[in-house]
Amino acid sequence: MTAIYTFDVFSSLDGYGAAGGDWTGYWGKQGPELLDHRLALYGAEQRMVFGANTYRAFAQMLASSTEESEVRDPWVTRMRSMPATVVSTTLEGPLNWPDATVVSGDAVDVVARLKEESDVPLRSHGSLSMNRALMAAGLVDRVQVTLFPVITGQTGVDPIFQGAADFDLELIESRTLDGHIQELIYRPTLH
């Protein structure tokens, strides 16, 4: 059986994965329901898949944080403890991540092989360009967008779907967290 691959991403309403300016992490909108839900989501057995740039950003962010900072939310700590595959042609192991391995090669080939070989679901948080390529190759089974109630037209960075192919999306699950954050899970089909 082929493992399910989920592209998990946080987004502003206008489609940015992050923002500069005076915005804080989660755009300052996180609440206890979101944090508890994320912790439960990452409680299930699964393998993380990261591109090199996202791995570097997470490793740097975690290395420069303290135990009390929001960067170390319990779900992030749990995510970091999960087995992970980092797809890269530039990184070499060992990585500063407890159970991560580097696999060199094209992400489409690496993830196609992981989907065939993995006994657990695969999840990627971030890794935008890698996941756009995986979607175009038909390897993403679910797109999980956590939509924060902000528009970052002036300060938005990392446009999530810029340059992506066209997709039809079938909504398979949705929920509201903390009264204002939407989690939308879609099944993408190349249009």
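Preceding this paragraph is the structure being described.
Here is a short report on the structure shown in this document. (Residues numbered from 1 in each chain as written. Predicted model: local features only at pLDDT ≥ 70, side-chain atom pairs only at ≥ 80, totals over all residues. Heavy atoms only, no water.)

Some thoughts on the overall build of the protein
Part 1 of the argument: Within the protein, the regular secondary structure consists of 5 helices and 10 strands.
Part 2 of the argument: A compact globule built from 191 residues would reach a C-alpha radius of gyration of about 16 Å, and the protein, at 16 Å, matches this within 12%.
Part 3 of the argument: Burial status across the protein gives 43% buried among its 191 residues.
Part 4 of the argument: Nonlocal contacts in the protein, meaning residues at least 24 apart in sequence, comprise 74% of its contacts between residues at least 6 apart.
Part 5 of the argument: Of the roughly 9,700 Å² of accessible surface on the protein, 51% is carried by carbon and sulfur atoms. (Helix = DSSP H or I, 4+ residues; strand = E, 2+ residues; numbered from the N terminus. Rg over C-alpha atoms; globule rule 2.2 N^0.38 Å. Buried < 20%, exposed > 50% of the residue type's maximum accessible area, 1.4 Å probe, protein only. Contact = heavy atoms within 4.5 Å. Areas by Shrake-Rupley, 256 points an atom, 1.4 Å probe, with all protein chains shown as cover.)

Considering the nonpolar core
Part 1 of the argument: Counting residues in hydrophobic clusters, the biggest one holds 27 residues, and the most contacted among them are Phe 50, Tyr 55, Met 79, Trp 97 and Phe 148.
Part 2 of the argument: Contributing elements (two or more residues each) for this core: α1 (32-41), β3 (47-51), α2 (52-63), α3 (74-81) and β4 (84-87).
Part 3 of the argument: Take this core: its biggest share by element is 5 residues, from α2.
Part 4 of the argument: Excluding residues that lie within four positions of it along the chain, Phe 148 makes contacts with Phe 10, Ser 11, Ser 12, Leu 13, Tyr 26, Trp 27, Lys 29, Leu 34 and Ile 181.
Part 5 of the argument: Met 130, Met 135, Val 140 and Val 143 belong to the second-largest nonpolar core, a separate cluster that totals 21 residues. (Core = buried A, V, L, I, M, F, W, Y, C linked by side-chain atoms within 4.5 Å.)

Considering the packing of aromatic side chains
Part 1 of the argument: The full count for this structure, using the stated rule, is 10 aromatic pairs.
Part 2 of the argument: Summarising the aromatic geometry, the rings of Tyr 42 and Trp 75 are spaced 5.2 Å apart at their centres and angled 40 degrees between planes, so their arrangement reads as tilted. Placement of the pair is Tyr 42 in the loop between α1 and β3 and Trp 75 in helix α3, with a sequence separation of 33 residues.
Part 3 of the argument: Relative to Phe 58, the ring of Phe 50 has its centre 5.5 Å away and its plane inclined at 85 degrees; by these criteria the two rings are edge-to-face. (Phe/Tyr/Trp six-rings, centres within 6.5 Å; stacked < 30°, edge-to-face > 60°.)

Digging into the pattern of salt bridges
Pairs can form between side chains of opposite charge whenever their charged atoms are close.
Part 1 of the argument: Following the criterion strictly, the structure yields 6 salt bridges and no others.
Part 2 of the argument: The residue Glu 170 makes a salt bridge to Arg 187 at a minimum N-O spacing of 3.0 Å. Residue Glu 170 is located in strand β9 (residues 167-177), and its partner Arg 187 is located in strand β10 (residues 181-190); the two are separated by 17 residues in the primary sequence.
Part 3 of the argument: Glu 170 sits in the partly exposed class, given a relative accessible area of 43%. (Salt bridge = Lys/Arg side-chain N within 4 Å of Asp/Glu carboxyl O.)

Let's talk about unusual backbone geometry
Part 1 of the argument: With an omega of -5 degrees, the peptide bond between Gly 93 and Pro 94 qualifies as cis.
Part 2 of the argument: Tracing the backbone through its elements, the reader meets Pro 94 in the loop between β4 and β5 (100-103).
Part 3 of the argument: Even without being a glycine, Trp 27 presents a positive backbone phi close to 55 degrees.
Part 4 of the argument: Structurally, Trp 27 can be placed in the loop between β2 (16-19) and α1.
Part 5 of the argument: Residues other than glycine seldom take positive phi values, yet Asp 158 does so here, at roughly 60 degrees.
Part 6 of the argument: Summarising the element assignment, Asp 158 is placed in strand β8 (residues 156-159).
Part 7 of the argument: On the accessibility criterion, Asp 158 (43% relative accessible area) is partly exposed.

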